[in-house]
Amino acid sequence: MDISFYKQQMDAVTGAFFCWELLIEAEPPAALADLLIPELFFDFFFVHTGELRGSEQKSRTEWILPRQSFKTLHTRALTLSFATPLRLFGARLPLQFGELFWAESLAANTFLAQDWVDPDVADLAAFADQVVAVVNGRATPKNPYPLLSGGLKESTWLSSYSPRHKRRLYKATFGLSRQELQRIDNVHAFLAQNCNFDSANPRLIGYVNAELFYDQPHFNHAFKKMVGSTPLEYFEASSVLQDNLMAVSYNVFPVQDD
């Protein structure tokens, strides 16, 4: 099986972090599963060749993704199954994109059918150009001022509102509550570290931020609830798309404690 992953980093003014292309060739054709865990990014997928299926263990549902789809924020892990040969394009968009997305509100844990690019797009550069044109051309601010001012820090404008009104703004803008966003950020504060789990008896607690998790059982429970496995099971599992996306994301947009 031949797997290739290409990325094109974007200028911040384009509204996208980076665009990418995943190629998978197998003879005979095969199916490959990839785990996607919750992240504080929105993603656009374009299945140029092949098929992409999604499934959730908790709900025991499976579906075929549209050729072009927008992935909203998720609170639980899901599995993507690739049918080869596969040519898959994607764009990773920042959390703040939720404030500019043209739908009136965003629901969590879903894929929205979209029409962003030409089905016959030639290559990654052309794909990136078309995504940027759509993102910039359709951007519609939901609020008069930004909700966030870096990371998950609330802007001065948002902080002036009551907790009840804040909850409404968070849900309409991101599809998640402030607490749900923070839980995802807390787990990634752990994953972003250069942890060494090669030893026979790794001590995870040495990498857990005591300000976010008061002990290891608390961390293990939060991690398994979000990811669906223990930290060690997660690190031992193989993943193609998720590993590449996270590696690039942490370099472009390092996780910071709020």
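What counts as what
Residues numbered from 1 in each chain as written. Predicted model: local features only at pLDDT ≥ 70, side-chain atom pairs only at ≥ 80, totals over all residues. Heavy atoms only, no water. Helix = DSSP H or I, 4+ residues; strand = E, 2+ residues; numbered from the N terminus. Buried < 20%, exposed > 50% of the residue type's maximum accessible area, 1.4 Å probe, protein only. Contact = heavy atoms within 4.5 Å. Areas by Shrake-Rupley, 256 points an atom, 1.4 Å probe, with all protein chains shown as cover. Phe/Tyr/Trp six-rings, centres within 6.5 Å; stacked < 30°, edge-to-face > 60°. Axes fitted to C-alpha atoms, helices over the stretch in contact; angles between N-to-C directions. Parallel < 35°, antiparallel > 145°, perpendicular 65-115°, else oblique. Nonpolar A, V, L, I, M, F, W, Y, C, P; charged D, E, K, R; others polar. Expected span 1.5 Å × (residues − 1). Arc of directions from axis to C-beta.

Caption draft 1: Representation of the overall build of the protein within the structure. For the protein, the count of helices and strands is 7 helices and 8 strands. Looking at the protein as a whole, 45% of its 258 residues are labelled buried. Across the protein, contacts joining residues at least 24 apart in sequence account for 71% of those joining residues at least 6 apart. Accessible surface for the protein amounts to roughly 13,100 Å². Of this, 50% is attributable to carbon and sulfur atoms.

Caption draft 2: The packing of aromatic side chains, seen in detail. Evaluation of the coordinates by the stated rule reveals 24 aromatic pairs. Each ring, one from Phe-17 and one from Phe-41, has its centre 5.7 Å from the other, and the planes form 80 degrees; the classification is edge-to-face. Here Phe-17, found in the loop between β1 (2-9) and β2 (18-25), pairs with Phe-41, found in strand β4 (residues 41-56); they are 24 residues apart in sequence, far enough to count as distant. There is no split in this pair, since Phe-17 and Phe-41 are both buried.

Caption draft 3: Quick look at unusual backbone geometry. Going from Glu-27 to Pro-28, the amide bond is cis rather than trans, its omega being 0 degrees. Note that Pro-28 resides in the loop between β2 and β3 (31-36). Between Thr-84 and Pro-85 the backbone carries a cis peptide bond, its omega angle lying at 0 degrees. One non-glycine residue, Asn-109, lies in positive phi territory at about 60 degrees.

Caption draft 4: Molecular detail of the packing of helix α4 (residues 178-191) against helix α5 (residues 216-227). Following both chains from N to C, one finds α4 and α5 inclined at 110 degrees, their axes separated by 10 Å at the closest point. As judged from the angle between their axes, α4 and α5 are roughly perpendicular. Here α4 contributes Arg-183, Ile-184, Val-187, Phe-190 and Leu-191 to the contact with α5, which in turn contributes Phe-219, Phe-223 and Met-226. Here the contact of α4 with α5 is composed, by residue class, of 7 nonpolar, no polar and 1 charged.

Caption draft 5: Summary view of helix α1 (residues 124-138). Taking 1.5 Å per residue, 15 residues should reach 21 Å; α1 reaches 21 Å between its end C-alpha atoms and fits that length. Those residues of α1 that sit buried are Leu-124, Phe-127, Ala-128, Val-131, Val-132, Val-134 and Val-135. Each buried residue of α1 sits inside an arc of 165 degrees when the element is viewed along its axis, so together they form one side. What points out from α1, more than 90 degrees from its buried face, is the exposed set Asp-129 and Gly-137. Contact partners of the buried residues in α1: β1, β2, β4 and β7 (78-94).

Caption draft 6: Up close: helix α3 (residues 163-174). The first and last C-alpha atoms of α3 sit 16 Å apart over 12 residues, in line with the 16 Å expected at 1.5 Å per residue. Lys-166, Leu-169, Tyr-170, Thr-173 and Phe-174 are the residues of α3 that are buried. Down the axis of α3, the smallest arc covering the buried residues is 100 degrees, so these residues share one side. Opposite its buried face, α3 presents the exposed residues Arg-164 and Arg-168, each directed more than 90 degrees away. Summarising the contacts, the buried residues of α3 are in contact with β4, α2 (156-159) and α4. Phi turns positive one or two residues past the end of α3, at Gly-175, with a value near 85 degrees.

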